[in-house]
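Residue strings, one per chain:
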Amino acid sequence: MKTLLKSGTIAALAALPVAAAAEYPEKPVEFVVPFPPGDLEDILTRMIADEFQATYGVPAAVVNKPGGGGGPFPGAVEVAMAPADGYTVGSFVVDVPLVGPHLGIPPLEGTPFEPVGIFVTYPFVIATKGDAPYHTLEELAAYAKENDVTLGHFGDVTTPARHTFAIAKTLGFEFSSNAAFDALDCNTLASGDADVINTTLQLVMPCKDELTFLASVTEDRISILPDTPTVGEVLPELDLSTWNGLFLKTGTPDEVREKIAAVAEKVVTSDAAKELAAQTGALIYWKDAAASEAQMEADVETMGRISAAID
């Protein structure tokens, strides 16, 4: 009798309608940019979010979470603490996956993120006011050995800042002081808060013609600054570029990553993205997860040389 009752119960349960597993995405998706609005990662991530919303019919928006002197890491922590379900996507600069695990911030330790893809190389520059008494890195080095020069950066643990410290050390000088800013723009130099800044060309575009660009931190010269040498031309051992990509918390299902990647690739290979690249000097492209992993492995070697120079 018990066997018959058990079999009947199973049959009855089998006959009940079963709710289908929800297909991603079924609710709003956040793209976290750990910097203020306005720079290239913000613009492109907004384009990706808009296309994601149009493609899948769910709200998708950029949330800016700048970290002040903490650089991008406070914002990255929020992504690391979110569920691995694809509803919180990080738009991260190189520092987050490569430097973050070594800062002693528990949520960022180990391998908390997996790449969806890298999509932009910033037109990073080392810039100063047009009337500064130095016009090249070598002239800056000679001047700074006898005078105070303040460096403005996005946080002293970020790769651009450490890279600039390494440049100084290699050229035989140190900045007299340095300070971290959420945004490094025309006002940073005009106010005298910093004498030299390492920032993206996008943030100083309004005053571009009033500045002196000492070097670009890119693989090749920036198209709209053809006379500005790259750091690699001056110091080949410190050749570096700064990129940004989309990342998900480790353990997010592959099918979720694939849906986000498909939208992102469509956006960054579009005519609108090509126009943005021409206007800003940025390199805009798509490297999938495998190519992104290879890029990060190569960057680890360069960061090792930077550490050897300054640590």
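Everything discussed here concerns the structure shown above.
## Description of the overall build of the chain
Stage number 1. Counting secondary structure elements, the chain contains 12 helices and 11 strands.
Stage number 2. Across its three principal directions, the C-alpha atoms of the chain cover 100 × 40 × 30 Å.
Stage number 3. Burial statistics for the chain: of 311 residues in total, 50% are counted as buried.
Stage number 4. Summarising the internal contacts of the chain: among those between residues at least 6 apart in sequence, 77% fall at separations of at least 24.

## Here we look at the packing of aromatic side chains
Stage number 1. The full count for this structure, using the stated rule, is 12 aromatic pairs.
Stage number 2. Members of the aromatic cluster, connected to one another through ring pairs, are Tyr24, Phe31, Phe52, Tyr56 and Tyr87.
Stage number 3. The side chain of Lys27 reaches across the aromatic face of Tyr87, ending 4.7 Å from its centre.

## Things to note about the sheet that holds strand E9 (residues 211-216)
Stage number 1. Strands sit in the order E7-E6-E8-E5-E9 across an open sheet of five strands; the sheet is mixed. On the outer flanks of this sheet lie strand E7 (177-180) and E9, each paired with one strand and no other. Across this sheet, the average inter-strand angle for adjacent strands is 25 degrees, counted without regard to direction.
Stage number 2. Taken together, the five bridges between strand E5 (residues 124-129) and E9 define a ladder with antiparallel strand orientation. Paired with Lys129 across the two strands is Leu211, which belongs to E9.
Stage number 3. Set on the sheet, helix H6 (residues 159-170) makes contact with E5, strand E6 (150-153), E7 and strand E8 (196-200); between it and E6 the angle comes to about 155 degrees.

## Remarks on the side chain of Thr199
Stage number 1. Residue placement: Thr199 occurs in strand E8.
Stage number 2. Engagement of the side chain of Thr199 in a polar contact is seen with the backbone oxygen of Leu184, the distance being 2.8 Å.

## Description of the pairing of E6
Stage number 1. Of the two faces of E6, the one lined by Thr150 and Gly152 and the one lined by Leu151 and His153 are each fully buried.
Stage number 2. Pairing between E6 and E7: four bridges, direction parallel. Residue Thr150 lies in a different strand from E7, and its bridge partner there is Ser177.
Stage number 3. On the question of chirality, the crossover connecting E6 to the parallel E7 by way of H6 is right-handed.
Stage number 4. Bridge count for E6 against E8 is two bridges, and the pairing is parallel. Bridge pairing links Leu151 to Val196 in E8.

## Describing the sheet that holds strand E1 (residues 29-33)
Think of a sheet as strands paired side by side through backbone hydrogen bonds, with each pair either parallel or antiparallel.
Stage number 1. Judged by pairing direction, the sheet is mixed, and its six strands sit side by side in the order E2-E1-E3-E10-E4-E11 without closing on themselves. Each of the sheet's edge strands pairs with one partner strand only, and the pair in question is strand E2 (60-64) and strand E11 (283-287). Across this sheet, the average inter-strand angle for adjacent strands is 25 degrees, counted without regard to direction.
Stage number 2. Looking at chain direction, strand E3 (residues 88-93) and strand E10 (residues 243-249) are connected through four bridges and run antiparallel. Paired with Ser91 across the strands is Leu246, a residue of E10.

## Details of H6
Residues spaced three or four apart along an α-helix point in a common direction, a consequence of the helix completing one turn every 3.6 residues.
Stage number 1. Over its 12 residues, H6 extends 16 Å from the first C-alpha to the last, a length consistent with the 16 Å expected when each residue adds 1.5 Å.
Stage number 2. In terms of burial, H6 is largely enclosed, as nine of its 12 residues are buried.
Stage number 3. Within two residues after H6, Gly172 carries a phi angle of roughly 90 degrees, on the positive side.

How each quantity is defined
- Throughout this document, residue positions are counted from 1 along each chain, in the order its sequence is written.
- Local features are withheld for residues below a pLDDT of 70 in this predicted model, meaning they are given only at 70 or higher, and side-chain atom pairs are given and counted only at 80 or more; totals for whole chains, interfaces and linings count all residues.
- Only hydrogens and water are set aside; all other atoms, that is, all heavy atoms of the structure, feed into the side-chain values.
- Counting from the N terminus, the helices are DSSP H or I runs at least four residues long and the strands are E runs at least two residues long.
- Accessibility here uses a 1.4 Å probe with only protein chains present; expressed as a share of the type maximum, an area under 20% marks a residue as buried, one over 50% as exposed, and anything in between as partly exposed.
- Should any heavy atoms of two residues lie within 4.5 Å, those residues are counted as being in contact.
- Stacked, tilted and edge-to-face pairs are distinguished by plane angle, under 30 degrees for stacked and over 60 for edge-to-face with tilted covering the rest, among Phe, Tyr and Trp rings (Trp via its six-membered ring) whose centres lie within 6.5 Å.
- Whether a charge sits over a ring depends on NZ of Lys or CZ of Arg being within 6 Å of the ring centre and within 35 degrees of the ring normal.
- Strand pairing is defined by DSSP finding a minimum of two bridges between the two strands.
- Axis definition: a line fitted to C-alpha atoms, over the contacting stretch in the case of helices. Angles run 0 to 180 degrees between N-to-C directions.
- As used in this structure description, the phrase polar contact means that two N or O atoms lie within 3.5 Å; if the pair is within protein, one of them must be able to donate a hydrogen and the other to accept it, and residues adjacent in sequence are counted only when both atoms belong to side chains.
- Every crossover in which the path from the first strand over the helix to the second runs clockwise, viewed with the strands pointing away from the viewer, is termed right-handed.
- A helix is expected to span 1.5 Å multiplied by its residue count minus one.

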